[in-house]
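Chain residues, written in single-letter form:
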Amino acid sequence: MVTPLRRGPRRAGPEPGAEQPPAPPVPAAGQEEIRRQNLGAVLRYVHVHGPTSRAELTSRLGLNRSTIRALAADLSAAGLVSEDVPTSGRRAGRPSLVVSPRSERVYANALSIEPARLRAARVGLGGRILDLREAPRPRGMSPAEAVTELAALVRRMGTGGGDDPPAGDARGADGGDTLCAGGAVAVADTTRDDDGTLHVGGADDALAAALGAELGAGFVAGDMADIAALAEHTRGVAAGINDLVYLHGDTGVSAGIVTGGRLVTGHGGASGKVGHMVVNPGGRGCGCGSRGCWETEVGTQALLRRAGAPAGTSPIAVLRAAAMGDAVAREALRAVADWLGFGVANLVNVFNPDIVVFGGTLREVYAGGARTVRRRLDTMALPASREHLHLRAGALGPDAALIGAAELAFGALLSDPLNGTAAAHPGPRDAGLR
Ligand SMILES: [Zn+2]
């Protein structure tokens with residue numbers, strides 16, 4: 001039996017469940033605590049669902065009209081939402097004001113460390129990517145170098161400029177009246193050097209602390225699959241689904257597993273390394289030291305190897321060739337899709353999710369080989385584990401990790417809208433960055 005899971009000690013574990021109001025942390029909530037929770041519920045609702053009339057908030061959140069009016073006024077006074085007269089008023093009488101997240105003003109810094117690149121996005125409240133920067137991640141780049149480069153990307157966004165920040169003015173596009181809710185970084189947990197050496201590492205407190213020190217804001221770090229799972233659960237293909245397995249593939253394969261609305265974190269937040277599930281004991285050696293791990297059959301290297309493509313080829317090129325009818329590429333895709341179904345069958349037998357979402361390169365593998373995956377699943381998974389199961393490509397594509405990192409970063413603000421940011425997480429300008 002799986003008991004409800006707590007957030008891991010890493011403080012980085014996202015807790016999907018955006019549809020629900022925050023769980024009360026104290027048994028006997030006082031008036032202030034109730035107000036804080038209600039403010040959070042309203043802000044979270046418009047953050048996830050977009051502009052919403054006060055009338056609809058009243059019915060969706062089960063609060064009365066005067067309470068919604070007061071909460072919206074408080075959020076508006078804090079600069080977190082705007083209240084506007086609807087543009088298309090069809091009904092007679094006074095229209096219900098529409099409450100909208102102030103996406104241009106309130107933002108989070110969402111970062112990702114991927115096998116071959118670093119990305120930084122400024123994501124506005126409401127989940128809108130306002131700015132996106134990217135830099136290559138050379139082989140052998142140290143975590144410290146990655147932190148320096150990511151911080152530089154964030155600073156460039158802060159200035160709205162190009163490669164070189166202009167001297168002086170670092171205000172946002174709206175004249176400096178911006179509010180940074182914090183930041184988060186999603187880390188692909190497996191990288192491989194040219195000589196085949198595998199590094200299994202990833203997100204940890206030290207990385208988050210180093211980014212926080214560089215940027216003067218609160219940062220959290222999390223595994224890419226966990227964070228992308230959070231994104232798809234909040235506003236993607238698994239929205240509102242509380243039992244899901246998200247599979248992120250690149251060089252390696254990892255999973256973000258949500259059961260009963262809670263992320264499975266394991267000790268130290270290090271669960272979900274499904275890429276090292278042994279599926280083929282007589283198979284190839286894995287960089288982790290074992291043999292026949294799942295990622296040796298479904299990771300990008302496996303696809304390139306089977307397609308006879310030289311190292312460094314984009315897996316997308318192989319998938320495109322398969323789509324164009326190239327026989328070798330098609331067979332490579334079929335074999336990888338078959339192994340994908342093999343592993344998914346094992347996972348669904350264990351976790352019995354309602355949906356399995358494919359992200360990273362596995363998104364494309366699934367899109368091209370869905371029938372093969374399903375066929376393998378149908379021969380291996382128990383009927384009780386597969387008959388209700390949906391298999392889906394991720395809806396957020398390559399931005400899932402950035403969107404999810406922003407969700408993680410917005411967590412404090414959404415839990416306590418009037419105190420969960422600002423002073424605690426000053427923006428780059430306030431932090432005195434130059
Ligand atoms: Zn392994």
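Bear in mind the structure is a predicted one, so any value in this text is a computation, not a measurement.

Q: Explanation requested: the sheet that holds strand β4 (residues 106–113) in the structure shown.
A: Backbone hydrogen bonds hold the strands of a sheet together, and the pairing may be parallel or antiparallel. Strands sit in the order β6-β5-β4-β7-β10 across an open sheet of 5 strands; the sheet is mixed. For this open sheet the edge positions go to β6 (128–136) and β10 (219–223), each flanked by a neighbour on one side alone. Adjacent strand axes in the sheet meet at a mean angle of 20 degrees when their direction is disregarded. Strand direction decides the pairing type here: β4 and strand β5 (residues 117–124), joined by 7 bridges, are antiparallel. Directly across from Ala 110, in β5, lies its bridge partner Ala 121. Along the sheet, helix α13 (residues 400–415) contacts β4, β5, β6, β7 (179–187) and β10; its crossing angle with β7, the most-contacted strand, is approximately 135 degrees.

Q: How should the sheet that holds strand β3 (residues 98–101) be read in this particular structure?
A: Spatial strand order, β1-β3-β2: 3 strands in an open sheet with antiparallel pairing. Of all strands in the sheet, those with a lone pairing partner are β1 (52–53) and β2 (81–84), marking the two edges.

Q: Hey, could you run me through the pairing of strand β12 (residues 253–259) in this one?
A: On a regular strand, one side chain projects to one face of the sheet and the next to the other, so that they alternate. Most of β12 is tucked away, with 6 of its 7 residues classed as buried. In this sheet, strand β13 (residues 262–263) lies alongside β12 in antiparallel orientation, the contact comprising 2 bridges. In the strand pairing of β13, Thr 259 is matched with Arg 262. Linkage of β12 to β13, two consecutive antiparallel strands, is achieved through a turn of 2 residues, within which Gly 260 is found at a positive phi near 60 degrees.

Q: It is not clear to me how the packing of helix α6 (residues 224–235) against α13 should be interpreted in this structure. Could you clarify?
A: Two measures define how a pair of helices packs: the angle their axes make with one another and the distance between the axes. Here α6 crosses α13 at 80 degrees, and the two axes come no closer than 7 Å. On the basis of their axis angle, the class for α6 and α13 is roughly perpendicular. Only Ala 400, Ala 401, Ile 403, Gly 404, Ala 405, Glu 407 and Leu 408 of α13 make contact with α6, whose side of the interface consists of Met 224, Ile 227, Ala 228, Leu 230, Ala 231, Glu 232, Thr 234 and Arg 235.

Q: How do you make sense of the packing of helix α9 (residues 315–323) against helix α11 (residues 361–380) when you look at a structure like this?
A: Contact geometry for α9 and α11: axes closest at 10 Å, N-to-C directions at 10 degrees. As the angle between them shows, α9 and α11 are arranged roughly parallel. Contact residues: Pro 315, Ile 316, Leu 319, Ala 322 and Ala 323 in α9; Thr 361, Glu 364 and Gly 368 in α11. Of the residues belonging to the contact of α9 with α11, the class tally is 5 nonpolar, 2 polar and 1 charged.

Q: Can you walk me through unusual backbone geometry in this structure?
A: The phi torsion of most residues other than glycine is negative, and most of the peptide bonds are trans. Positive phi is not limited to glycine here, since Asn 352 has a value of about 45 degrees. Among the structural elements, Asn 352 can be located in the loop between α10 (327–351) and β14 (355–360). Note on Asn 352: 17 C-beta atoms within 10 Å, which makes it partly exposed.

Thresholds, definitions, all that
- Residues numbered from 1 in each chain as written.
- Predicted model: local features only at pLDDT ≥ 70, side-chain atom pairs only at ≥ 80, totals over all residues.
- Pairing = 2+ DSSP bridges.
- Helix = DSSP H or I, 4+ residues; strand = E, 2+ residues; numbered from the N terminus.
- Axes fitted to C-alpha atoms, helices over the stretch in contact; angles between N-to-C directions.
- Contact = placed C-beta atoms within 7 Å.
- Buried ≥ 20, exposed ≤ 12 C-beta atoms within 10 Å, placed from the backbone.
- Parallel < 35°, antiparallel > 145°, perpendicular 65-115°, else oblique.
- Nonpolar A, V, L, I, M, F, W, Y, C, P; charged D, E, K, R; others polar.

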